[in-house]
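# Observations on the three-dimensional arrangement
What follows is each chain in one-letter form.
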Amino acid sequence: MMARLPRHGLAQILALVMILAVDRMVSPQFFDLRMQDGRLFGSVIDVLNRGAPVVLLSLGMVLVIATRGIDLSVGAVMAIAGAIAASLADSHSLPLVLAAALGTGLICGLWNGFLVAVLGIQPIIATLILMVAGRGIAQLITEGRIVTFTSPDLGWFGAGAILGFPAPVVIAAGMLGLTVAVVRGSALGLLIEATGGNARASELAGVGTRLMILAVYAWCGLCAALAGIISAADIMGADANNAGLWLELDAILAVVIGGTSLFGGRFSLLLAVVGALIIQAMNTGILLSGYPPELNLLVKAVVVLAVLLLQSPRLAGLAGLAARLRGARLRLKGAKA
Amino acid sequence: MTLKALFAATATAAVMFSLPAGAAQLTVGFSQIGSESGWRAAETSVSKQEAAKRQVNLKIADAQQKQENQIKAIRSFIAQGVDAIFLAPVVASGWEAVLKEAKEAKIPVVLLDRDIDPSGKDLYLTAVTSDSVHEGEVAGEWLAKTVGDKSCSIVELQGTVGASVATNRKKGFDDVVAKHPNLKVVRSQTGDFTRAKGKEVMESFIKAEGGGKSICAVYAHNDDMMVGAIQAMKEAGLKPGKDILTVSIDAVPDIFKAMAAGEANATVELTPNMAGPALDAIIASKDKGTVPPKWIQTESKLYTAADDPQKIYDSKKGLGY
């Protein structure tokens, strides 16, 4: 039975359910919900709300990884977009603030895409450039300070609510719906997978692989900028040193937990989101557990290892082999007797 | 990055080519770490103010967080024959060679904000630093005094795990809590010194402690985490500063804004004025030959709502925090 699990995303969903069950064990009120100032309030909502930025990042990351690329710069792009949004929020109208922040994210993504698709630089190096320089750019924008703002319009992106759900959750869900509709509702997803599977063959078959690569990095930059706006709105300020720090790694982990291969060629948007929620459910659980903080990273590592083992087809094969051996031994014993 | 490099280059050039000052005026070279945090920027601007107050010619070299740049800056200060060198060491080790050169040139060195390895103890005149264990004690004593005999469940937002400041601020606070049986730290997690993590951790504390009703006070190892925690409390329908007492450390401008709004109770200052006491020590030793103590501890001053937080906010916000 174990052998069949990994193929259909059951392993990920099983892992999420298991982690939520553990969360319920360490914190009995985990699933309690109540309304607070027109917003649902409870630990499960925290998981969704705190997970929203990584969900957004993973939506872009999964498409990049599907083309056999990787984007290390998303955390830095978050910091830039947040810095721009926070600096403009109190002096400009919301549409302009959003356009500036999202536009910058798009430009950052196009830059990465240009380096990879046109100049043919290895994705890990191409995006490393912006990962390092981007944080410096964000620090230049904020002049190294935490730039705070009071505009309730931009603040809504952190503290607002639609039908009781926090705004970041609704935005992330909307982006998931949009991405799935665009990518899976058309042949685009197939073309992206083809690009990642074998770029040369796809090119010969008439797929515009360069355009595909440019497009996925641009989308990734846009998603990162949106995550940056949410993070800045959440604390009503832009912290260029810390916003999005190391989140690129969480996004990559979410994609990998979601069963997408780093070698490209196939991807699942929905399971990447499940992966992001697994990471956040674990983080929230650790915070609720009351364990000393020295254990945080250790617990995280053990859980991630367990989730990945759960998906490993080879391990499932081994388990199946062991079961067969045991069965054979029993039959042998039966024959002797 | 290039801007920073340019700035450093001009700073070094300025240091190398500036004219010798008049005989009466002291010239002090200050090797600053770089602009790693708002506090650091405030320290630089306060140092300039303090030097101007005492008519000292202060030359600041920005090291951009690199020890090699600091060593270069110290060598160029020695070559110019400054009267004293201030050093905010980026790391604790590796200073013996260059500090020996300064000693041979008979230029006193004063360490600011951070100490170096004990092996270099006789190579500098004095170190002006804050005692972060004491900062935790001041925070704890304020809380003990404020709650009196009532029993009080405290949640703690720690700094980055393994950072010496976090370890010390925790120890100082724990020492005071241990002396008062009515105080108890019920939860303690790291918020990595950031606003976003401070908020996230506080959200989970509130849920784990029955909606926050059983929490009597929050202690945060820095003000930024407390600013995040205050937002979390407000979003949970609690009144920080009233339902839940707050005490944190650093005294950055934004905590005074919260205090003026009645949402924060107390903060312990990590003063950005390290240069003031250092300059006084240098001037005293030049004029009267006074040998300063090996360690000059800066004051860890407690600020509460009674200290006119709005005024302090206005005076601090221009310092570059």
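Note that residues are indexed from 1 along each chain, following the sequence as it is written. For naming, the first written chain is A and the first written ligand is 1, with later ones following in the order written. pLDDT decides what is reported in this predicted model: residues at 70 or higher carry local features, side-chain atom pairs at 80 or more are listed and counted, and totals for whole chains, interfaces and linings draw on all residues regardless.

### Quick word on the overall build of chain B
Here is the rule: Helix and strand labels come from DSSP, where a helix needs a run of H or I of at least four residues and a strand needs a run of E of at least two; each type is numbered from the N terminus. The globule rule used for comparison is 2.2 Å times the number of residues to the exponent 0.38, while the radius of gyration itself is calculated over C-alpha atoms. Exposure criterion: with C-beta atoms placed from backbone coordinates, a residue whose C-beta has 20 or more other C-beta atoms within 10 Å is buried, one with 12 or fewer is exposed, and one in between is partly exposed. For the purpose of contact definition, each residue receives a C-beta atom placed from its backbone, and two residues are in contact when these atoms lie within 7 Å.
From N to C terminus, chain B includes 11 helices and 12 strands. Taken over the C-alpha trace, chain B has a radius of gyration of 21 Å; the compact-globule value for 321 residues is 20 Å, and the two agree within 12%. Each of the three principal axes of chain B carries a C-alpha extent, and together these read 65 × 40 × 35 Å. Taking all 321 residues of chain B together, the buried fraction comes to 50%. Within chain B, contacts between residues at least 6 apart in sequence are counted, and of these 75% link residues at least 24 apart.

### What about the interface of chain B and chain A?
Operational definition: Ten residues, namely Ala, Val, Leu, Ile, Met, Phe, Trp, Tyr, Cys and Pro, are considered nonpolar, four, namely Asp, Glu, Lys and Arg, are considered charged, and the remaining ones, Gly among them, are considered polar.
At the junction of the two partners, chain B supplies 28 residues and chain A supplies 29 residues. Going through the elements one at a time, helix H2 (38–53), strand S7 (183–190), helix H7 (195–208) and helix H8 (223–235) of chain B are the ones with two or more residues in the side of chain B that touches chain A. When residues of the side of chain B that touches chain A are assigned to their parent elements, the largest contribution, 9 residues, is made by H7(B). When its residues are assigned to classes, the side of chain B that touches chain A shows 9 nonpolar, 11 polar and 8 charged.

### Some words on H2(B)
Rules: Each residue after the first adds 1.5 Å to the expected span of a helix.
With 16 residues, H2(B) extends 23 Å from end C-alpha to end C-alpha; this agrees with the ideal 22 Å at 1.5 Å per step. Next to the buried residues of H2(B) lie strand S3 (146–148) of chain A together with strand S1 (27–32), strand S2 (57–62) and helix H10 (275–287) of chain B. Trailing H2(B) by a residue or two, B:Gln55 shows a phi angle of about 50°, which is positive.

### Considering the confidence of the model for chain B
Which entries qualify depends on this criterion: By definition, pLDDT measures how confident the predictor is in each residue, and it falls between 0 and 100.
Within chain B, residue pLDDT values average 91, and 93% of them lie at 70 or more. Long-range and interchain partners of residues 12–23 of chain B, a stretch whose pLDDT sits below 50, account for 12 contacts in this model, where long-range means more than four residues apart.

### Things to note about the nonpolar core
Where we set the bar: What we call a nonpolar core is a set of buried Ala, Val, Leu, Ile, Met, Phe, Trp, Tyr and Cys residues whose membership is set by joining through C-beta atoms within 7 Å.
Membership of the largest hydrophobic core comes to 160 residues, with the highest contact counts inside it found for A:Ala85, A:Cys223 and A:Leu226. Looking at which element gives the most residues to this core, the answer is helix H10 (residues 209–235) of chain A, with 19 residues. Not counting chain neighbours up to four residues away, the residues in contact with A:Leu226 comprise A:Leu56, A:Leu102, A:Ile171 and A:Met175. Counting 38 residues, the second-largest nonpolar core is a separate cluster that includes B:Val82, B:Ala88, B:Ile116 and B:Val128.

### Description of the pairing of S1(B)
Residue and element names in this part refer to chain B. Our working rule: Only when DSSP finds a minimum of two bridges between them are two strands counted as paired.
A large share of S1 lies buried, amounting to 5 of its 6 residues. Looking at chain direction, S1 and S2 are connected through 6 bridges and run parallel. Each residue of the ladder has a partner; that of Val28, found in S2, is Leu58. Relative to strand S3 (residues 84–87), S1 runs parallel, the two being bridged by 4 bridges.

### Digging into the packing of H8(B) against helix H9 (residues 253–260) of chain B
Residues and elements named next belong to chain B. Defined as follows: Each axis is a line fitted through C-alpha atoms, and for a helix only the stretch in contact is used; angles between axes span 0 to 180 degrees, taken between their N-to-C directions. Two helices cross in a left-handed way if the nearer one is turned anticlockwise from the farther one by less than a right angle. They cross in a right-handed way if the turn is clockwise.
The contact between H8 and H9 brings their axes to 9 Å, and the two run at 40°. H9 is crossed by H8, and the crossing has left-handed handedness. Contacts from Asp223, Met226, Val227 and Ile230 in H8 reach Asp254, Ile255 and Ala258 in H9. Looking at the contact of H8 with H9 residue by residue, the class counts come to 5 nonpolar, no polar and 2 charged.

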